[in-house]
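A look at the structure
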Amino acid sequence: MTRIAVFISGRGSNLQALIDARARGDLAGDIGVVVSSRTGAPGLERARKAGLHHCVVEPADHASREAFDAELDRVAKQTGCGLICLAGFMRILTPGFAQAWRDRILNIHPALLPAFPGTDCHRRVLDSGVMITGCTVHFVRPQVDAGPIIAQAAVPVLPGDDEKSLADRVLVAEHRIYPLALDLVLQGRVRVIEERVVVDAPVRSDDMLVNPAP
Ligand code: GRF
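For every chain, the first residue of the written sequence is number 1, and numbering continues from 1 along that sequence. Whole-chain, interface and lining totals are the exception, using all residues; otherwise, since this is a predicted model, local features are given only for residues with pLDDT of at least 70 and side-chain atom pairs are given and counted only at 80 or more. Excluding hydrogens and water, the side-chain values take into account all heavy atoms of the structure.

1. Digging into the overall build of the protein
Helix numbering and strand numbering both begin at the N terminus, where a helix is a DSSP run of H or I of at least 4 residues and a strand a DSSP run of E of at least 2. Per the secondary structure count, the protein includes six helices and nine strands. Each radius of gyration is computed over the set of C-alpha atoms, and the globule rule expresses the reference value as 2.2 Å times the number of residues to the power 0.38. Its C-alpha atoms give the protein a radius of gyration of 17 Å, within 12% of the compact-globule value 17 Å for 214 residues. In terms of overall dimensions, the protein has C-alpha extents of about 55 × 35 × 35 Å along its principal axes. Considering the protein as a whole, with its 214 residues, one finds that 44% of them fall into the buried category. Burial here depends on accessible area, computed with a 1.4 Å probe over protein chains only, as a share of the maximum for the residue type. Under 20% is buried, over 50% is exposed, and the range in between is partly exposed.

So this is what it looks like as structure tokens:
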């Protein structure tokens, strides 16, 4: 069974969604290690409670980005992991690392990529006036928030939303699609062909999110 390394920097609610999916039997893999780039990240406590192997790899303890990434690589390999999930991991990986783990690193982004990449995306979503946003699970490439898209969920932007209310609504969708996308990858049902994902899974064509409601 494939082992997964989950990289976090903070709260770890997406990590929790993966832990819960595994506990329900909805994940065809095991979490081999949780790595935090920050000491005291609340997500580490979630890992501890779930009985998962966990550790901190701090950028400040490494002389360069390459040295930091080399340590991440060492920890992932030492714990027998064949797949990496970024879950609120606030560091940009070096091109060498992204290449070495090509198609074996997943990320979740709280917007409908390729729209609104980068940090602060809920603020920019609100400023833009779009009425539908969402979240995206994708394979990681050296460019930030780029790479073949594995799954997306659409979420309405509601009148009166602020960054917090919107982020909270998108987060519910994140927790739904991250385990789903990861499970498809673990089951070998996701292929990357010419930088696009082909998924062997049923597609819903009968549903539509319209905002405002018709
Ligand atoms: C999530 O919104 C994720 O999409 C983004 O950072 C946030 C992390 O939240 N990359 P959590 O640490 O998983 O609770």
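2. Structural notes on the site of the ligand
The immediate surroundings of the ligand are formed by Arg11, Gly12, Ser13, Asn14, Gly88, Ile108, Pro110 and Glu174. Two N or O atoms count as a polar contact when they lie within 3.5 Å, although within protein this holds only if one can serve as hydrogen donor and the other as acceptor, and sequence-adjacent residues are included solely when both atoms are side-chain atoms. The separation between an oxygen atom of the ligand and a polar side-chain atom of Arg11 is 2.6 Å. Contacts to the ligand include Ile108, whose backbone N or O atom sits 3.2 Å from a nitrogen atom. Only the protein chains shown count as cover for residues, with accessible areas throughout obtained via the Shrake-Rupley method and a probe of 1.4 Å. Relative to its unbound accessible surface of 370 Å², the ligand loses 84% to contact with the protein. Two domains each donate at least three residues to the shell around the ligand, and these are domain 1 (1-101) and domain 2 (107-214). A molecule or strand has a residue near it when one of that residue's heavy atoms lies within 4 Å. Note: domain ranges come from an automatic or database domain assignment.

3. What to know about the pairing of strand 1 (residues 2-8)
It is a general feature of regular strands that their side chains alternate between the two faces of the sheet. Within strand 1, five of the seven residues are buried, leaving the element largely enclosed by the surrounding structure. Strands were regarded as paired on the criterion that DSSP finds at least two bridges between them. By the bridge criterion, seven bridges tie strand 1 to strand 2 (residues 29-36) in an arrangement that is parallel. Looking across to strand 2, one finds that Arg3 is bridged to Asp30. For crossovers, right-handed means that the path from the first strand over the helix to the second runs clockwise, given strands pointing away from the viewer. Read from strand 1 through helix 1 (residues 13-24) to strand 2, the crossover connection turns out right-handed. Bridge analysis of strand 1 against strand 4 (residues 81-86) gives five bridges, and the strand direction is parallel. Within strand 4, the residue paired with Phe7 across the bridge is Leu86.

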